[in-house]
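# Remarks on the overall topology
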Amino acid sequence: MKSTRQAIALTLAGALAISTLAACSSGGSGSDDESSGSDGDGKVTLKVVSLLPGSEQEAIDAFNAQVEEFEAANPDIDIVPEEYEWKATTFAPQLAGGTLPDVFEIPFTDAKTLVENGQLADLDEQFRTLPYADKFNPAIIEAGTGADGHVYAIPAKNVYGVGLHYNRALFESAGLDPDQPPATWDEVREAAKKIADANPGVAGYMQMSQNNTGGWQLTVNTFARGGRTQEVAEDGKATSTLTNDGTKEALEWLKAMRWEDNSLGSNFLLDWGTMNQAFAAGQVAMYTSGSDVFTSLVQTNAVDQSTYGLAALPLEGDDAGVLTGGTLAAMPANVDESKKEAAIKWIDFFYLAKLVDEKRAVADAETLVANDQPVGTPVLPMFSEEQYLQNQEWIADFINVPLDQMTSYTDTMFDLPLVGEPSQKTQEIYALLDPVVQAVLTDENADVDALLEQANTEAQALLDQG
Amino acid sequence: MTATTAPPRRGPASHARADRGRRRSPVTWFRGGGLSNLVFLLPLILIFGVFSWFPIVRAVIMSFQETNLVSDPTFVGLDNFRQVLADPLLWKAVKNTLYFAFLALLFGYPIPLVAAVLMREVRRARGLYSALAYLPVVVPPVVAVLLWKFFYNGSPTGVFNTILGWVGLGPYPWLQDASTAMPSLVLAATWAGAGGTIIIYLAALTSVPPELYDASEVDGAGLWRKIWHVTLPALRGVLFITLILQVIGTAQVFLEPYLFTGGGPNNATLTILLLIYRYAFQNSLGGDYGAATALSIMLAAVLAVFSVLYFRLTRSWSTS
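In this text the structure is predicted, and so the values were computed from the model without any measurement. (Residues numbered from 1 in each chain as written. Chains lettered and ligands numbered in written order. Predicted model: local features only at pLDDT ≥ 70, side-chain atom pairs only at ≥ 80, totals over all residues. Heavy atoms only, no water.)

With that settled, consider the overall build of chain A. Scanning chain A for helices and strands turns up 18 helices and 10 strands. The globule rule puts the C-alpha radius of gyration for 466 residues at 23 Å, and the 25 Å found for chain A is close to it. Counting every position in chain A, which comprises 466 residues, the buried fraction comes to 55%. Of the roughly 19100 Å² of accessible surface on chain A, a fraction of 50% belongs to carbon and sulfur atoms. Positive and negative charge centroids in chain A, built from 26 and 73 side chains respectively, lie 6 Å apart. (Helix = DSSP H or I, 4+ residues; strand = E, 2+ residues; numbered from the N terminus. Rg over C-alpha atoms; globule rule 2.2 N^0.38 Å. Buried < 20%, exposed > 50% of the residue type's maximum accessible area, 1.4 Å probe, protein only. Areas by Shrake-Rupley, 256 points an atom, 1.4 Å probe, with all protein chains shown as cover. Lys, Arg positive; Asp, Glu negative; His and termini not counted. Charge placed at Lys NZ, Arg CZ, Asp CG, Glu CD.)

Turning next to the overall build of chain B. If you tally the helices and strands in chain B, you get 16 helices and 2 strands. Here the C-alpha atoms of chain B give a radius of gyration of 26 Å, more than 25% beyond the 20 Å that 2.2 N^0.38 yields for 320 residues. Of all 320 residues assigned to chain B, the portion counted as buried reaches 35%. Restricting to contacts in chain B with at least 6 residues of sequence separation, those with at least 24 account for 63%. Accessible surface for chain B amounts to roughly 18800 Å². Of this, 70% is attributable to carbon and sulfur atoms. Averaging the coordinates of the 23 positive side-chain charges in chain B and doing the same for the 13 negative ones gives two points 12 Å apart. (Contact = heavy atoms within 4.5 Å.)

Cis peptide bonds are those with omega within 30 degrees of zero, and the linkage from glycine 264 of chain B to proline 265 of chain B qualifies with -10 degrees. Of note, proline 265 of chain B is situated in the loop between α14 (255–261) and α15 (272–281). With a phi close to 75 degrees, asparagine 212 of chain A is a non-glycine residue in the positive phi region. You can see asparagine 212 of chain A is positioned in the loop between α8 (185–198) and α9 (213–224).

A few words on the domain arrangement of chain A. Residue and element names in this part refer to chain A. Here chain A is described as being made up of domain 1 (4–159 + 325–411) and domain 2 (162–323 + 417–464). Distance from the C-alpha centre of domain 1 to the C-alpha centre of domain 2: 30 Å. With 27 residues of domain 1 at the interface, the matching set in domain 2 holds 30 residues. The contact between domain 1 and domain 2 buries some 2200 Å² in all, and 57% of this surface belongs to carbon and sulfur atoms. Summed over the three residues of domain 1 that lose the most area to domain 2, namely Thr109, Gln405 and Tyr409, the buried surface amounts to 26% of that side. Summed over the shared surface of domain 1 and domain 2, the number is 0 salt bridges. Applying the counting rule to domain 1 against domain 2 returns 10 residue pairs in polar contact (both at pLDDT 80 or more). Its residues assigned to classes, the side of domain 1 that touches domain 2 comprises 14 nonpolar, 10 polar and 3 charged. (Domains from an automatic or database assignment. Buried area = accessible area lost by both parts, 1.4 Å probe. Salt bridge = Lys/Arg side-chain N within 4 Å of Asp/Glu carboxyl O. Polar contact = N/O pair within 3.5 Å; in protein donor to acceptor, adjacent residues only side chain to side chain. Nonpolar A, V, L, I, M, F, W, Y, C, P; charged D, E, K, R; others polar.)

All names here are of chain A. This model, assessed by the stated rule, comprises 17 salt bridges over all chains. Note that arginine 360 and glutamate 69 form a salt bridge whose closest N and O atoms lie 3.0 Å from each other. Of this pair, arginine 360 sits in helix α14 (residues 358–370) while glutamate 69 is found in helix α2 (residues 57–73), placing the two residues 291 residues apart along the sequence. We note a salt bridge from aspartate 449 to lysine 248, for which the minimum N-O separation is 3.6 Å. On the criterion of sequence distance, the pair formed by aspartate 449 in helix α18 (residues 448–465) and lysine 248 in helix α10 (residues 245–261) is long-range, its members being 201 residues apart.

Residue and element names in this part refer to chain A. Taking burial as the measure, the 5 residues of strand β7 (residues 286–290) include 5 buried ones, the bulk of the element. Across 5 bridges, the pairing between strand β4 (residues 154–167) and β7 is antiparallel. Residue valine 162 lies in a different strand from β7, and its bridge partner there is glycine 290. (Pairing = 2+ DSSP bridges.)

Facing 37 residues of chain B, the contacting portion of chain A comprises 36 residues. Contact with chain A buries surface across chain B, with Gln176, Ser284 and Leu285 of chain B losing the most and accounting together for 23% of the total. Our count for the contact surface shared by chain B and chain A stands at 7 residue pairs in polar contact (both at pLDDT 80 or more). The leading source of residues in the side of chain B that touches chain A is helix α4 (residues 34–62) of chain B, at 8 residues. In terms of residue class, the side of chain B that touches chain A is built from 17 nonpolar, 18 polar and 2 charged.

The subject of this paragraph is the nonpolar core. Among the nonpolar cores identified, the biggest contains 133 residues, and Leu46, Phe104, Ile106, Tyr205, Met286 and Trp346 of chain A are the most heavily contacted of them. When residues of this core are assigned to domains, at least three fall in each of domain 1 (4–159 + 325–411) and domain 2 (162–323 + 417–464) of chain A. In this structure, Ala92 of chain A together with Met62, Tyr279 and Ala291 of chain B belong to the second largest nonpolar core, which totals 22 residues. (Core = buried A, V, L, I, M, F, W, Y, C linked by side-chain atoms within 4.5 Å.)

Before going further, it helps to spend a moment on the packing of helix α13 (residues 337–356) of chain A against α14 of chain A. Residues and elements named next belong to chain A. It is the contact of α13 with α14, at a shortest axis distance of 6 Å, that shows an interaxial angle of 120 degrees. What the angle tells us is that α13 and α14 run oblique. Where α13 crosses over α14, the handedness of that crossing is left-handed. Every residue of α14 that contacts α13 at Phe349, Ala353, Lys354 and Val356 is listed here: Glu358, Arg360, Ala361 and Asp364. Looking at side-chain class alone, the contact of α13 with α14 contains 4 nonpolar, no polar and 4 charged residues. (Axes fitted to C-alpha atoms, helices over the stretch in contact; angles between N-to-C directions. Parallel < 35°, antiparallel > 145°, perpendicular 65-115°, else oblique. Left-handed = near helix turned anticlockwise from the far one by under 90°.)

Time to look at helix α17 (residues 426–442) of chain A. Spanning 17 residues, α17 of chain A covers 25 Å between terminal C-alpha atoms, matching the ideal 24 Å at 1.5 Å per step. Of all 17 residues in α17 of chain A, 17 are buried, a share of seventy percent or more. (Expected span 1.5 Å × (residues − 1).)

Looking now at the packing of aromatic side chains. Residue and element names in this part refer to chain B. Inspection of every chain in the model, using the stated rule, returns 37 aromatic pairs over all chains. Ring centres of phenylalanine 64 and phenylalanine 81 lie 5.4 Å apart, and the angle between their planes is 45 degrees; this geometry places the pair in the tilted category. Of the two residues, phenylalanine 64 sits in the loop between α4 and β1 (65–66) while phenylalanine 81 sits in helix α5 (residues 79–86), which places them 17 residues apart along the sequence. Assessed through its relative accessible area of 29%, phenylalanine 64 is described here as partly exposed. (Phe/Tyr/Trp six-rings, centres within 6.5 Å; stacked < 30°, edge-to-face > 60°.)

For the rest of this paragraph, the subject is the side chain of serine 50 of chain A. Residues and elements named next belong to chain A. Within the element layout of this structure, serine 50 appears in the loop between β1 (44–49) and α2. By relative accessible area, which is 15% here, serine 50 ends up buried. Apart from residues lying up to four places away in sequence, serine 50 is in contact with Phe63, Pro81, Glu82 and Glu83.

With respect to the secondary-structure elements, serine 36 of chain B resides in helix α4. Reaching out from serine 36 of chain B, the side chain makes a polar contact with the backbone oxygen of glycine 33 of chain B at a distance of 3.0 Å.

With that settled, consider helix α4 (residues 108–116) of chain A. Three or more residues of α4 of chain A are buried, namely Phe108, Thr109, Asp110, Ala111, Leu114 and Val115 of chain A. Contacts from the buried residues of α4 of chain A go to α3 (88–97), β3 (104–107), α6 (138–142), β4, β9 (322–330) and α17 of chain A.

Counting through the fold element by element, alanine 101 of chain B comes out in helix α6 (residues 88–108). Sequence-wise, alanine 101 of chain B and glycine 263 of chain B are 162 residues apart; in three dimensions their C-alpha atoms are separated by 16 Å.

In this section: the pairing of strand β8 (residues 308–311) of chain A. Residue and element names in this part refer to chain A. Side chains Tyr308 and Leu310 of β8 all project onto a buried face; the interleaved residues Gly309 and Ala311 project onto the opposite face, where all are buried too. As paired strands, β4 and β8 are joined by 4 bridges and run antiparallel to one another. Along β8, the bridge assignment pairs histidine 165 with leucine 310.

Next up on the list: the environment of alanine 192 of chain B. Residues and elements named next belong to chain B. Mapped onto the elements, alanine 192 comes out in helix α11 (residues 178–206). You can call alanine 192 partly exposed: its relative accessible area is 24%. In this structure, the C-alpha to C-alpha distance between alanine 192 and threonine 242, residues 50 residues apart in sequence, is 16 Å.

Right, dumping it as structure tokens:
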């Protein structure tokens, strides 16, 4: 009797244990299948970045239309779109955990270290097959090139310069001329005060302060006043210069606006996404961000396009410059050749061909316009100025963004003194600066000099770690 | 009852002696169903091993390593612990966490108790009140935080500021000021968590014999005397357990500071867990997982002390 019971128990438990193990191992082999990149029909499945999470339905439709077009032309490739937003806090774990799409987007500042760490796939061979491979602006292609001279990350999405985004309706509400945006930081301050006084609860101007964007935008403001936050010597040794006059001026200016003018509204903890939200909702009248942000303001925040304005960033002092950055497309290190082949076709189709090929430019613009998506948002040229203007001519009939509301920026965009982001420990030092910006915005007695002194010491310690 | 069923206390040594006295041979172990017991346990052991114990062991190892999960890890001895202990932000985080715990006790400890005692006194629609009290626990935390963000909006048009505006107060920068940010978080956390505690108190209150109330009424006791002399003594055990649970819970607060303020303004709401998260994830190029696990282990060690206390107390009370 007892032995029968024991036998049943053994069989049952054994079956359970085996099924548990089997479940584990089948999960494993499943992911193996995926990384080999092909399913039963010999099709390559390629997961790609689609849009920001929470995008408008029209934007999703436009993207899907492009996917269909691509799949029709490449029947052996199956595109799987995945929503994606690059965030400093989630990128590394996603990459380590293998949950990123096969083709993902990274900022210029990250590529070199990721290549050094061996985290990106070598796309050089595939990249060289592109007919326009040697036509890129060398400074831009350099951002994604490894020490071995191979291209690992391809300049794909946008290269931006930072501009001053403003709300024309709020300008009018304060009796300001929306066609004459402020050209100096003092004028920005005056306009902000007028707008805040005329619209209680609205921020006349606001600056990001969370998730490393506080440091990013403080750097923008430093460059615009002729300061630099980091100096790199010939031998690669970096010195932190956060206590420079430009950064101090930028913080004092912000502090005066907050505590003397009370023109920064009531929310001092914004990051890239929430700032765009607040701006589109009319709670913020002016802010600084990449010149290309209009596209996501339309796709994710349904901004009222008639109220949008883009002005050149005020530049003051010797050596003042506009911070520039951009987005590269890359793949994780463990992808196989078939995926790389598919990826380069997708990168060519979705990101690049439309810049250099008239047929693709027109087809792409047609799809976007049909789905009410912005065409013609100003970005910096990835190839040459001539090529960029040529492209603008091709799609001239389709441009639907209010370019006449962006002339203050577009008139000067080719003459901007561009300055790249600080090259070493970029995101960590940005993170150190978040609380500094927050302190100035929330503490009337914040001591700018002491705050910067301390941040500078900590930044130098990071740089010395190497 | 206690005298008859509770076994006499024996130390580990006496257990061992008793086992040695009746040690069984493998054959009798097998005959006695030992193998089937083991096989029945196997799936559980596997699942626990893979999903609980392995990560714990891995974390302990990692706390002595420098790794970004990509390049090969190197052992660095106690460097991670030293680095974490030398970080000025750690002490700020510890202080903030203690402040959160203190405020949580101040708001979160008496409110559910008062609510439970009052709810016990009501005669009609008691179920309705319990449901209302428990409702916030059912709301997904992220939804609750978004809702409260709306309330805490610092502009004059925010919900709280609008209400206070009617009586001529405010507007207040709830989450935007270092001095009010933490109490604001605690208020939201208390609202979200009180329901669960109320249910525990209500359950404990049902075990108070009504005769005690009747007797005290006969003796001429009013409401307050009844609560002081009958209700609270009966709840003593549960009160202590919820206290320890709350200490353990508040030491691990993460969700509210992460979602409301991201640790700001100027690190005023940075808690220990948020600091751990920052070590591991703030850098887009691979975080300092060694420092993150080192701090986690130190926190776990402290909390283990409280857990042991909790175990001891619940065990001693369950037999009394």
